[in-house]
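# Chains, contacts and geometry: an overview
Below are the chains, spelled out letter by letter.
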Amino acid sequence: MVLAGLFASVLFIGLILGDWLYFVRFTPDAIRYGCSVARSQERWTASTIETVRNRFSADGVLMLPHGIARFYPDLSQIAIRPRYRLFSIGFRSAWPVKGLIHLSAGNQAMDALCVKRIPWSSALMTLLWFGVVSIGSLVFVVTYAWDGGFASLEGVFMGVGLVAGALLVLAAGLVTVTMSYRLENNRLMQVYEELREALEGPTHPTPDSITS
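Now for a quick tour of the structure. Here the structure is a predicted model, which is why all the values come from computation and not from measurement.

Tallied over the entire structure, the rule returns 5 aromatic pairs. Measuring from ring centre to ring centre gives 5.0 Å for Trp129 and Phe130, while their planes differ by 85°; the resulting arrangement is edge-to-face. Looking at Trp129, the relative accessible area reads 36%, which means it is partly exposed. Ring geometry for Phe140 against Tyr144: centres 5.4 Å apart, planes inclined by 25°, an arrangement best described as stacked. One end of the pair, Phe140, and the other, Tyr144, are both in helix H3 (residues 120–146), 4 residues apart, so they sit about a helical turn from each other. Relative accessible area serves as the criterion here: at 32%, Phe140 is assigned to the partly exposed category.

Looking now at the pairing of strand E5 (residues 98–105). Pairing geometry for strand E4 (residues 77–82) and E5, over 4 bridges, is antiparallel. For Ala79, the partnering residue across the bridge sits in E5 and is Leu100.

One can describe the packing of H3 onto helix H4 (residues 153–200) by two numbers: an axis separation of 11 Å at closest approach and a directional angle of 170°. Judged by the inter-axis angle, H3 sits roughly antiparallel to H4. Across the interface between the two elements, Thr126, Trp129, Phe130, Val133, Ser134, Ser137, Phe140, Val141 and Tyr144 of H3 pack against Gly155, Met158, Gly159, Leu162, Val163, Ala166, Val169, Leu170, Gly173, Leu174 and Val177 of H4. In terms of residue class, the contact of H3 with H4 is built from 14 nonpolar, 6 polar and no charged.

Here Leu183 shows up in helix H4. Separated by 87 residues in the primary sequence, Leu183 and Pro96 have C-alpha atoms spaced 9.1 Å apart.

Conventions and cut-offs
Within each chain, residue numbers correspond to sequence positions counted from 1 in written order. Only residues with pLDDT of at least 70 are given local features in this predicted model, and only at 80 or more are side-chain atom pairs given and counted; all residues enter the totals for whole chains, interfaces and linings. Think of the side-chain values as coming from all heavy atoms in the structure, minus any hydrogens and water. Note on aromatic contacts: the rings of Phe and Tyr and the six-membered ring of Trp form a pair at centre separations within 6.5 Å, being stacked when their planes are under 30 degrees apart, edge-to-face when over 60 apart, and tilted otherwise. Three exposure classes are used, based on accessible area relative to the maximum for each residue type with a 1.4 Å probe and protein chains only: buried under 20%, partly exposed in between, and exposed over 50%. A run of DSSP states H or I qualifies as a helix once it reaches four residues; a run of E qualifies as a strand once it reaches two. Both are numbered from the N-terminal end. Paired strands, as defined in this entry, are two strands with at least two bridges between them according to DSSP. Note on method: axes are straight lines fitted to C-alpha atoms, helices fitted across the in-contact stretch only, with angles between N-to-C directions ranging 0 to 180 degrees. Throughout this description, any angle smaller than 35 degrees is read as roughly parallel, any larger than 145 degrees as roughly antiparallel, any in the 65 to 115 degree range as roughly perpendicular, and the remainder as oblique. We call two residues in contact when some of their heavy atoms are within 4.5 Å. Three classes are used: nonpolar for Ala, Val, Leu, Ile, Met, Phe, Trp, Tyr, Cys and Pro, charged for Asp, Glu, Lys and Arg, and polar for all others, with Gly counted as polar.

Below is the structure:
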């Protein structure tokens, strides 16, 4: 049993590491990998597919101050992500965000649709955690009431206290996920702005639609 548990733990950690390593790759199939969490669209008025192509190196890479961009001319797409340093002292959450910008030519402008993704392991573990806490709390309340736990005043106070504790755990988890996503999203949007400035020159502040 111990060996089986150890093997399962190693396999679980290996799957998470494999998911993250594939998530940050820049191969044509990997750039579309991940759970889509948001998308935003705006128009680039000073760029065309040809001018975008000229800004990138021969292998389609553009190094930015805080991230990396790679252009795929055959797909009319640009993949962007923050630069992850192995020994960085900056805080890194369990919900890294990358973006894939879909380009389409319009009348004297180019539409840019940015799809944001997080690793599948991050999304599934988050949903699993919230599901276990929520369902576990609900089952406890139902069982507690079925066994007559709320029949006395002392039992009511105990039941309310335990329910309040479960709600605090859920609230803490929700705050953690929200704040971590906002942090990672801001990092990605910083790279997005650096990319647009490299392609079109200094721009005005990003519209509200791009900060979702």
